[in-house]
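Now for the letters of each chain:
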Amino acid sequence: MFALVDCNNFYASCEKLFRPDLRDTPVIVLSNNDGCVVARSKEAKALGIKMGVPVHHIQSEIRQHGIQVFSSNYTLYGDMSRHVMVTLEALAPRVDVYSIDEAFLDITGVNRVVALGGFGQQVKSTVVRNTGLPVCVGIASTRTLAKLANYAAKKYRATDGVVDLSKTDRQRRLMALVPVDEVWGVGRKISVKLQAVGITTALDLADADPATLRKRFSVVLERTMSELNGVACLPWEDVPQPKKQIMCSRSFGTVVKTLSGLFEAVANFAVRAAEKLRAGEQCAGAVMVFVRTNPFRSELPQYSNSASVKLITPTQDSRVIVHQVLSLLKPMFRDGYDYAKAGVMLGDLVSQVHYQEDLFSIEPSGKNERSDRLMSVMDEINRHSGVKVHSARQAGPAAHKMRRKHLSPAYTTDWRHLPTVR
DNA sequence: TCTGGGGTCCTAGGACCC
DNA sequence: TCTGGGGTCCTAGGACCC
């Protein structure tokens with residue numbers, strides 16, 4: 001039995017938590033670079049602000065209704081997420097953190113002690129007591145049904161934020177009401193195709209013919225169908241799986257026109273990606289770089305390109321990755337374009353302890369020792385000190401800095417930003 | 001003026017092997 | 001007229017998730 005715990009309007013709730021003056025005010029949170037709306041408080045939703053709209057399309061609504069706007073503050077959200085997850089880990093024997101604002105709990109056997117609905121209420125009130133953040137709880141025998149239960153808990157006020165979908169008749173009654181595109185795993189494209197063949201509700205999908213689904217769509221949708229029928233196809237991830245790729249990319253706050261500007265930006269991305277790599281105790285066997293102009297400015301000349309290289313020996317050394325990235329970038333650069341975005345992707349990731357060395361290397365084994373020590377010293381300094389050490393390639397005025405005009409303080413992670421009560 | 005960033009999985013098709 | 005049968009590996013592209 002699964003309980004899916006999902007925070008309500010997570011980013012917006014984190015912002016409101018430290019601004020009690022905004023309790024009843026509509027709040028929205030923007031994507032990186034202050035681009036699109038990625039979270040809305042319930043008041044903002046009630047005003048009809050849609051998920052994903054560019055903020056410059058809704059300037060008049062923002063003024064008219066006094067909507068409070070925040071830039072993304074991932075330092076705050078990440079820390080608040082950790083508080084929520086720690087709370088959940090005390091409430092269930094197994095917790096699978098699925099994303100920054102939701103987790104699946106293993107609650108098998110809980111019903112022998114308390115009613116599942118009551119347990120859900122207990123989870124909800126404990127999280128709000130420990131963190132101040134509101135959550136909804138969906139309970140069912142498969143992940144997909146638990147997701148559906150959570151959807152209902154959020155949508156229908158009468159549920160008081162908890163839905164127990166362990167009984168088949170309740171499952172079927174709910175599924176008959178839920179549009180098929182609200183099912184976990186059914187996105188925009190597939191829902192259009194499904195509706196064309198008369199499958200419009202979750203129940204239609206649950207009752208569809210498995211062989212036909214597999215043939216016309218894929219085994220993925222067939223699994224979703226089975227999950228809706230209470231057959232669990234998505235097992236517990238007992239150990240967190242190692243990453244398969246690491247990406248670091250950003251749109252630039254202002255356009256970049258020069259090769260040296262792009263160099264600086266991608267060197268930064270390379271270093272950040274390498275830090276993530278070392279944090280996960282992995283090495284990368286392949287490096288990819290991409291650049292592009294702004295596709296929304298169709299009146300301007302457009303250009304996008306990418307290049308990649310396989311490394312003979314996997315590495316986690318920032319200097320090697322920066323060097324590779326810059327050699328890839330150079331031949332890709334074309335003069336006369338306004339570059340709007342670039343990124344670095346590391347692939348063919350392997351564990352830092354088990355990987356294939358180069359048979360023909362003239363270096364003795366253990367040659368990484370100096371590199372390892374340098375990287376760990378850099379990581380240590382950058383983790384604990386305000387003074388950052390970095391590659392010379394990253395230096396210079398950060399023309400590609402993000403726009404974050406409405407950034408809130410780092411209330412919980414920086415002593416200088418501690419809230420004060422007067 | 002202004003449109004995010006980071007992932008995973010599956011499938012089809014091509015190249016290759018015996 | 002007529003050209004096998006059984007595999008593996010890799011990549012690009014498409015779909016999905018938050």
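Residues numbered from 1 in each chain as written. Chains lettered and ligands numbered in written order. Predicted model: local features only at pLDDT ≥ 70, side-chain atom pairs only at ≥ 80, totals over all residues. Heavy atoms only, no water.

Colleague: Account for the packing of helix α6 (residues 143–155) against helix α7 (residues 168–177), naming residues and giving values.
Modeller: Running from amino to carboxyl end, α6 crosses α7 at an angle of 65°, the nearest separation of the two axes being 11 Å. Between α6 and α7 the crossing geometry is left-handed. Contact residues: α6 offers Leu145, Leu148 and Ala152, while α7 offers Gln171, Leu174 and Met175. (Axes fitted to C-alpha atoms, helices over the stretch in contact; angles between N-to-C directions. Helix = DSSP H or I, 4+ residues; strand = E, 2+ residues; numbered from the N terminus. Left-handed = near helix turned anticlockwise from the far one by under 90°. Contact = heavy atoms within 4.5 Å.)

Colleague: Give a detailed account of the packing of aromatic side chains, specifying residues and quantitative values.
Modeller: Enumeration over the complete set of coordinates arrives at 13 aromatic pairs. Each ring, one from Phe2 and one from Phe104, has its centre 6.2 Å from the other, and the planes form 80°; the classification is edge-to-face. A residue pair is termed long-range when its members are at least 10 positions apart, and Phe2 in strand β1 (residues 2–7) and Phe104 in strand β6 (residues 102–106) qualify at 102 residues. Side by side, Phe2 and Phe104 carry an identical accessibility label, which is buried. Seen from their ring centres, Tyr11 and Tyr74 are 5.5 Å apart, and the 85° between their planes marks the pair as edge-to-face. Residue Tyr11 is found in helix α1 (residues 10–17), and its partner Tyr74 is found in helix α4 (residues 74–89); the two are separated by 63 residues along the sequence. Under the relative-accessibility criterion, Tyr11 is labelled buried at 15%. An aromatic cluster is present here, built from Phe2, Tyr98, Phe104 and Trp184 joined pairwise through their rings. One residue, Arg143, lies across the ring of Phe104, its end atom 4.6 Å from the ring centre. (Phe/Tyr/Trp six-rings, centres within 6.5 Å; stacked < 30°, edge-to-face > 60°. Buried < 20%, exposed > 50% of the residue type's maximum accessible area, 1.4 Å probe, protein only. Lys NZ or Arg CZ within 6 Å of the ring centre and 35° of its normal.)

Colleague: Before we move on, can you summarise the UniProt feature "domain: UmuC" (unreviewed entry) in chain A with the specific residues and values?
Modeller: The sites that carry the UniProt feature "domain: UmuC" (unreviewed entry) are, in the present numbering, residues 2–187. Structurally, residues 2–187 comprises 40% helix and 20% strand, and the distance from its first C-alpha atom to its last is 23 Å. (UniProt positions renumbered as here; feature names shortened; annotations may be inferred.)

Colleague: If you had to explain the pattern of salt bridges to someone new, which residues and values would you point to?
Modeller: Scanning the model with the defined rule gives 19 salt bridges in all. For Arg278, the salt bridge identified is with Asp379, shortest N-O distance 2.7 Å. With Arg278 in helix α12 (residues 259–279) and Asp379 in helix α14 (residues 369–384), the pair connects residues that are 101 residues apart, well separated along the chain. Residue Asp379 is classed as buried on the basis of its relative accessible area of 16%. Note that Arg319 is salt-bridged to Asp317, the shortest N-O span being 2.7 Å. Classification of Arg319 as partly exposed rests on a relative accessible area of 47%. Exposure remark for Asp317: the relative accessible area of 5% places this residue in the buried category. Sharing partners across several salt bridges, the network here consists of Lys16, Lys42 and Glu43. (Salt bridge = Lys/Arg side-chain N within 4 Å of Asp/Glu carboxyl O.)

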